[in-house]
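# Examining the three-dimensional arrangement
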Amino acid sequence: FYDIHHYPEHSRLYSRVLKRAIGIGVQTKWKGGAMGKDFGIPPEKIVYWPNGTDVERFDIPISTHEARAKLGVPQDKKIVLYTGSLQRWKGVCTLVQAAPILGRSVFVYVVGGEKRELENAQCPMPNDQSNIVFVRPRPWAEIPIWLKAADVLVLPNTGRMKVSQYYTSPMKLFEYMASGRPIVASDIPSIREVVDESMVLFATPDNPRSFADAIRQALANLGEAKRRIAHARQEVAQYTWEARAQRILSHLGLQF
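Throughout what follows, the structure given in this document is the object of discussion. (Residues numbered from 1 in each chain as written. Predicted model: local features only at pLDDT ≥ 70, side-chain atom pairs only at ≥ 80, totals over all residues. Heavy atoms only, no water.)

## Details of the overall build of the chain
On a plain count of helices and strands, the chain comes out with 13 helices and nine strands. Seen through its C-alpha atoms, the chain measures out along the principal axes to roughly 55 × 40 × 30 Å. When burial is assessed residue by residue, the chain has 52% of its 256 residues classed as buried. Of the contacts formed within the chain by residues at least 6 apart in sequence, a portion of 69% connects residues at least 24 apart. For the chain, the accessible area works out to roughly 12,400 Å², and carbon and sulfur atoms hold 50% of it. (Helix = DSSP H or I, 4+ residues; strand = E, 2+ residues; numbered from the N terminus. Buried < 20%, exposed > 50% of the residue type's maximum accessible area, 1.4 Å probe, protein only. Contact = heavy atoms within 4.5 Å. Areas by Shrake-Rupley, 256 points an atom, 1.4 Å probe, with all protein chains shown as cover.)

Spelled out as structure tokens, the structure:
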């Protein structure tokens, strides 16, 4: 059984492996269709099921105040947070460029890398970086506390690369959903497969102004934010690794 987390190049080696597999797992609908087109894999051999997370690890009973006290994060600022790597397709450059638009009362925290990584990737950094804080990669067990410390969580994937638009099923999206915080995300197919406007606020990918506007909306309308949070937490319950394993084994005629 071949569980594909990227997308294989069309080659003889991959063709042989894929055709001999008893089943193929894909995390996005695009990959399912492409497997038939590029490799001739029949639909009945394909299991579509997005990624997920350990939901209970991110739905922790800690207040925003307590989380910020543990992490040394300011109590008197609005905190917009991104967690994860700074690869170009993750779109963090867009969030950083949105920071000065948000103003100095809103702090943008990037947890998972250093500023020089964006600079090396030729990200045009804003002149005013006074409300941007970069935090080096943290232990995975600490990430739920960071999410609880935030007012808004951001998933700014680019719309300019296939890996972002079609290949990825971002695990941070499921972590965000489980954390019970408002989410602003890029409006791209890979994210739309999991969430809609009832769960997140969408922004135009690669558009700092659009992200700033969506973040402001999330901060300003707490009632609507709470409704989206509740729906996201309800939906994420199905996206567990156990549920994914059950789906694959069921497809193979086995029991978990």
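Picking up after the structure, the text goes on.
## Regarding the packing of helix α5 (residues 92-102) against helix α11 (residues 208-220)
Running from N to C, α5 and α11 point in directions that differ by 60°, and their axes come no closer than 8 Å. One element, α5, and the other, α11, form an angle in the oblique class. Handedness of the crossing formed by α5 with α11: right-handed. In this structure, α5 contributes T94, L95, Q97, A98, I101 and L102 to the contact, and α11 contributes P208, R209, F211, A212, I215 and R216. When grouped by side-chain class, the residues that make up the contact of α5 with α11 number eight nonpolar, two polar and two charged. (Axes fitted to C-alpha atoms, helices over the stretch in contact; angles between N-to-C directions. Parallel < 35°, antiparallel > 145°, perpendicular 65-115°, else oblique. Left-handed = near helix turned anticlockwise from the far one by under 90°. Nonpolar A, V, L, I, M, F, W, Y, C, P; charged D, E, K, R; others polar.)

## Quick look at unusual backbone geometry
The phi torsion at Q122 lies on the positive side, around 65°, for a residue other than glycine. With phi around 65°, D206 is a residue other than glycine that occupies positive phi space. Looking at the secondary structure, you find D206 in the loop between β9 (201-203) and α11.

## Focus: the sheet that holds strand β3 (residues 46-48)
The strand order β1-β2-β3 describes an open sheet built from three strands, whose pairing is parallel. A single partner strand is all that each edge strand has here, and the edge strands are β1 (2-4) and β3. For this sheet, the mean inter-axis angle between neighbouring strands, taken without regard to orientation, is 20°. Of the strands in this sheet, β1, β2 (24-26) and β3 are in contact with helix α13 (residues 241-251), which crosses β3 at around 155°. (Pairing = 2+ DSSP bridges.)

## Section: the packing of aromatic side chains
Per the stated rule, a full pass over the model turns up nine aromatic pairs. Between F174 and Y239, the ring centres sit 5.1 Å apart and the planes meet at 50°, which makes this aromatic pair tilted. In this pair, F174 is assigned in helix α9 (residues 171-179) and Y239 in the loop between α12 (222-236) and α13, connecting sequence segments 65 residues apart. By way of ring pairs, the aromatic residues Y7, W30, F39, Y166 and Y167 are connected into one cluster. The ring of F202 has R192 lying over it, and the distance from NZ or CZ to the ring centre is 4.0 Å. (Phe/Tyr/Trp six-rings, centres within 6.5 Å; stacked < 30°, edge-to-face > 60°. Lys NZ or Arg CZ within 6 Å of the ring centre and 35° of its normal.)

## Focus on the pairing of strand β5 (residues 106-111)
With six of six residues buried, β5 lies mostly within the body of the structure. Alternating positions in β5 separate into two faces, V106, V108 and V110 on one and F107, Y109 and V111 on the other, with burial throughout. Pairing between strand β4 (residues 78-83) and β5: six bridges, direction parallel. From the neighbouring strand, L81 faces β5, where its bridge partner is Y109. Examined bridge by bridge, β5 and strand β6 (residues 132-135) share four bridges and lie parallel to one another. Looking at the pairing, V111 lines up with V135 of β6. This β-α-β element, β5 to helix α6 (residues 115-120) to β6, shows right-handed connectivity. (Right-handed = clockwise from strand over helix to strand, strands pointing away.)

## Focus: the environment of R181
Here R181 lies in the loop between α9 and β8 (183-186). When the C-alpha atoms of R181 and I46 are compared, they prove to be 34 Å apart, with 135 residues separating the residues in sequence. Among residues more than four places away in sequence, those in contact with R181 are T64, L147, K148, A150, L153, Y176 and I229. A distance of 2.9 Å separates a polar atom in the side chain of R181 from a polar atom in the side chain of T64. (Polar contact = N/O pair within 3.5 Å; in protein donor to acceptor, adjacent residues only side chain to side chain.)

## Concerning the sheet that holds β9
Across the sheet, six strands lie side by side as β6-β5-β4-β7-β8-β9; this open sheet has parallel pairing. One side of each edge strand has no neighbouring strand; the edge strands of this open sheet are β6 and β9. Along the sheet, successive strands turn relative to each other by an average axial angle of 25°, direction set aside. When β4 meets strand β7 (residues 152-155), the two strands line up parallel, connected through two bridges.

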